[in-house]
Amino acid sequence: MDAAIARALAIGPDSSAAERTIDITTLGARSGLPRRIEIWFHRVDGRWYLTGMPMPRSWYANVRANPRLVVHLKHGVQADLPATARPVDEPTRQRVITAVLDLQNRPEIAARVGRRQRLDKWLAHSPLVEIVFDDERLPTQPTSE
């Protein structure tokens, strides 16, 4: 695996918004057409996740209908990484959403998202999937983040 890709994927709690920003391409749930959006990705316990504000999201409907997607890295390296969106169990959901909100409730990030986020609302209504990359060489072991 390319060292620049490894660096781009090695995000943690202190990573900037730019370092977290990727594009994803999904297939439309109804249309079947490729849809590309910009989104933040998160790394918790050495694994990568996509989530969003607690409301319906088109990207989430798309990966539920067709879990294949492409992650487009943009910070420090340009790379298109094929992957699969995998549902998560409830303990993982609690752990990941809590970590994401801890990040988003930091003053420097909260100013960007507009207001303090509530854990109960996120747990009940936010989309969440794990990103599983096709390339088995990508590190997926827990790290000290």
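Preceding block: the structure.
Our subject in this report is the structure included herewith. (Residues numbered from 1 in each chain as written. Predicted model: local features only at pLDDT ≥ 70, side-chain atom pairs only at ≥ 80, totals over all residues. Heavy atoms only, no water.)

1. Focus: the pattern of salt bridges
This structure, assessed with the given rule, holds 7 salt bridges. Residue Asp 45 is joined to Arg 95 by a salt bridge in which the shortest nitrogen-to-oxygen separation is 2.4 Å. Here the residue Asp 45 occupies a position in the loop between strand S3 (42-44) and strand S4 (47-51), and Arg 95 occupies one in helix H4 (residues 90-104), the gap between them amounting to 50 residues. Using a relative accessible area of 37% as the deciding quantity, one classes Asp 45 as partly exposed. Under the relative-accessibility criterion, Arg 95 is labelled partly exposed at 38%. Its salt-bridge partner being Glu 130, residue Arg 47 comes within 3.5 Å of it at the nearest N-O pair. Here Arg 47 is found in strand S4, whereas its partner Glu 130 is found in strand S7 (residues 128-133), with 83 residues between them in sequence. For Arg 47, a relative accessible area of 33% gives the class partly exposed. Glu 130 gets classed as buried once you look at its relative accessible area, which sits at 6%. Bridged by salt links that share partners, the residues Asp 23, Arg 36, Glu 38 and Lys 74 form one connected network. (Salt bridge = Lys/Arg side-chain N within 4 Å of Asp/Glu carboxyl O. Helix = DSSP H or I, 4+ residues; strand = E, 2+ residues; numbered from the N terminus. Buried < 20%, exposed > 50% of the residue type's maximum accessible area, 1.4 Å probe, protein only.)

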